Amino acid sequence: MSETNNISSNNKRIAKNTMALYLRTFITMIVSLYTSRIMLQALGVDNYGIYNVVGGIVAMSSLLTGAVSSSITRFITYALGEGNKDRMKIVFSTSVNVMIAMSVIAVLALEIVGFWFLATKAEIPDGRMIAAHWVLQCSIVTLVFNLISQPYNATIIAHEHMSIYAYMSIVDVSLKLAVCFAIESFEGDRLILFALLNTGIALGMRLFYSWYCSRHFDESKYNYRLFDKSFFKEMSQFTGWYLVGNAVWVFNTQGLNMLINVFFGVALNAARGVAVSVTSAITSFVNNFTVAFIPQITKSYASKDMDRVLFLVFQGTKYTWFLIFIFIVPVFWEADTLLKLWLGDPPAYASLFLRFALFESWSIIISFALHNVILASGQLKRVQIRIVIYTAFIFPITWLCYSLGAPVWASYVVFILLNTTAKGFTLSELKRIVDFPVLRFIKECVLRCVIVTSIAFVVPGICVYLIPQSTVRFFIVVPVAIIWTLLCEFILGLSKSERSLVLTIGKKISYKFIGKNI
């Protein structure tokens with residue numbers, strides 16, 4: 001009975017954290033999209049393109065922050081699942097030492113690569129090279145702040161204190177919006193001021209999270225004496241293999257951004273930047289669900305509850321897939337009108353890039369639940385080597401396609417195809433590690449999701465075909481697409497027990513917010 005209550009409590013915690021993160025993302029998504037519009041207007045197309053391509057060099061640093069954050073979160077959450085507080089203190093303090101070492105390496109590498117790219121490869125408009133270097137340096141400093149913050153952020157995630165992100169993320173996007181308004185009235189170099197102010201925001205967020213953790217979690221008090229050489233080696237190896245995978249992923253995404261700059265110019269970088277802004281907001285919204293249940297996967301694995309692990313993987317994959325298609329379907333059909341309403345005069349190719357970018361995002365997030373079982377096991381080396389070798393071909397294949405005269409959207413096709421088929425390596429490794437039921441997973445999750453989401457495109461597609469493009473059609477197609485997609489997912493995508501659970505939750509919410517007021 002106590003075990004059942006514990007599972008129920010964990011499920012409620014996932015739901016509570018998910019709702020808190022959704023509220024945060026709903027607000028931040030709206031503010032972020034409006035910020036992108038103001039940013040484009042304040043900076044202009046050329047400056048916006050420069051910020052995306054030069055910042056993209058350092059955005060490759062997300063391979064560092066992503067690898068380190070996932071690694072630290074894994075070890076802290078695992079220790080928390082074991083109930084080992086002393087181990088958590090060692091993990092945290094050792095993590096800070098790892099971050100210091102990685103910060104030094106990252107700064108040296110990015111200074112060399114950044115200067116080389118700006119001097120030899122980047123297509124920067126005349127007179128804007130100094131501003132481009134300012135963006136580079138500010139981005140590198142921001143990276144250092146983000147790296148040092150990772151142990152603190154990982155601790156918050158491990159303890160599932162998700163609500164703090166709801167508050168601070170709203171503060172973060174609000175400050176960034178304020179920066180965009182501030183530079184509009186600035187008569188000097190707006191791009192340089194924009195980069196400096198965003199670096200200041202990153203510093204402020206880093207200091208706050210450090211303060212919050214030190215107040216709430218005993219293990220987050222850094223002590224250089226709590227240094228475990230064996231754990232440092234274990235964590236460095238784990239982070240290193242995770243880093244290799246992230247390196248190839250970021251090289252393929254930001255590297256493609258550089259290829260577009262080299263072959264097609266800075267204007268198409270601006271179009272790609274617009275597409276990334278929209279898909280990043282959508283992906284962030286969906287990721288709230290994965291962030292809420294990932295700690296539960298690690299804790300369940302640490303406590304040897306494999307039935308719970310498999311349950312979370314099946315449900316997590318299905319709901320992640322369904323959530324992102326609630327956005328993909330309407331945005332795909334009404335991308336042109338959406339961008340016009342949002343930006344007024346969007347860059348050329350922006351709507352085409354956005355449609356491809358939607359499926360690019362889908363190909364990235366659908367395996368999060370699967371991959372996190374491998375992270376929880378700590379057996380990362382084997383699968384990373386396979387995926388890295390396979391997906392490393394994305395960049396050279398795209399380079400070859402562009403050299404042969406392929407259209408600019410060819411990079412998206414190559415990325416989506418190779419990144420999606422690479423999921424086979426993850427399933428193969430899970431079969432080896434935990435005897436994962438691959439065929440059952442394909443039947444119950446993948447095939448069902450493919451059928452449901454394919455049908456979801458039909459009705460809104462008919463509306464688009466029958467109604468001429470206009471703002472009126474936009475406000476017809478978008479709600480139709482959302483409602484139709486939800487119906488398809490509910491009726492065709494969920495099992496009988498899952499539908500009953502959704503209806504029960506719906507009734508409770510209705511009673512809470514409506515029934516009491518009757």
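Just above sits the structure.
Residues numbered from 1 in each chain as written. Predicted model: local features only at pLDDT ≥ 70, side-chain atom pairs only at ≥ 80, totals over all residues. Heavy atoms only, no water.

Right, let's get into the overall build of the protein chain. If you tally the helices and strands in the protein chain, you get 20 helices and zero strands. Classification of the 518 residues of the protein chain by burial places 53% in the buried group. Put simply, 85% of the contacts in the protein chain that link residues at least 6 apart link residues at least 24 apart. Summing over all exposed atoms, the protein chain offers an accessible surface of approximately 23,400 Å²; the carbon and sulfur share of this is 67%. (Helix = DSSP H or I, 4+ residues; strand = E, 2+ residues; numbered from the N terminus. Buried < 20%, exposed > 50% of the residue type's maximum accessible area, 1.4 Å probe, protein only. Contact = heavy atoms within 4.5 Å. Areas by Shrake-Rupley, 256 points an atom, 1.4 Å probe, with all protein chains shown as cover.)

The next point concerns the packing of helix 9 (residues 306-333) against helix 11 (residues 350-365). It is at 10 Å that the axes of helix 9 and helix 11 come closest, and there the two elements cross at 175°. Relative to helix 11, the element helix 9 is oriented roughly antiparallel. Between helix 9 and helix 11, the residues in contact are Thr320, Trp321, Ile324, Phe325, Ile328, Val331, Phe332 and Trp333 and Leu354, Arg355, Leu358, Phe359, Ser361, Trp362 and Ile365, respectively. (Axes fitted to C-alpha atoms, helices over the stretch in contact; angles between N-to-C directions. Parallel < 35°, antiparallel > 145°, perpendicular 65-115°, else oblique.)

All right, on to the packing of aromatic side chains then. Under the criterion given, the structure shown has 27 aromatic pairs. A centroid spacing of 5.9 Å and a plane angle of 40° characterise the contact between Phe314 and Phe436, whose relative ring orientation is tilted. Taken as a pair, Phe314 in helix 9 and Phe436 in the loop between helix 16 (423-434) and helix 17 (438-456) lie far apart in primary sequence, 122 residues in all. Ring plane angle 40° and centroid distance 6.2 Å describe the contact between Tyr349 and Phe353, whose orientation is recorded as tilted. (Phe/Tyr/Trp six-rings, centres within 6.5 Å; stacked < 30°, edge-to-face > 60°.)

Residues Ile451, Ile455, Val458, Ile462, Tyr465, Leu466, Ile483, Leu487, Ile491 and Leu492 make up a contiguous nonpolar surface patch of about 1,000 Å² in total accessible area. For the nonpolar patch, the secondary structure elements donating two or more residues are helix 17, helix 18 (458-466) and helix 19 (471-493). One can find Val458 in helix 18. (Patch = residues over 30% accessible without salt bridge, like charges linked within 9 Å, V, L, I, M, F, W, Y side chains within 5 Å. Salt bridge = Lys/Arg side-chain N within 4 Å of Asp/Glu carboxyl O.)

This part takes up the packing of helix 10 (residues 335-343) against helix 11. For any two helices packed against each other, the geometry comes down to the angle between their axes and how far apart the axes lie. Contact pair helix 10 / helix 11: the axes reach a minimum separation of 9 Å and the direction vectors enclose 120°. Regarding the angle of helix 10 to helix 11, the classification is oblique. As for how helix 10 packs across helix 11, the hand of that crossing is right-handed. Judged by residue contacts, Ala335, Asp336, Leu338 and Leu339 of helix 10 engage Ala350, Ser351, Leu354 and Arg355 from helix 11. When the residues that make up the contact of helix 10 with helix 11 are grouped by side-chain class, the tally is five nonpolar, one polar and two charged. (Left-handed = near helix turned anticlockwise from the far one by under 90°. Nonpolar A, V, L, I, M, F, W, Y, C, P; charged D, E, K, R; others polar.)

Residue position: Ser300 is located in helix 8 (residues 266-302). In the structure, Ser300 is positioned 76 residues away from Ala376 in sequence and 9.2 Å away in space, judged by C-alpha atoms. Non-local contacts of Ser300, meaning those with residues more than four positions away in its chain, are made with Asp305, Arg308, Val309 and Leu312.

Going through the model one piece at a time under the given rule, you end up with zero disulfides. Left unpaired, Cys449 is separated from the closest cysteine sulfur, that of Cys445, by 6.0 Å. (Disulfide = S-S within 2.5 Å.)

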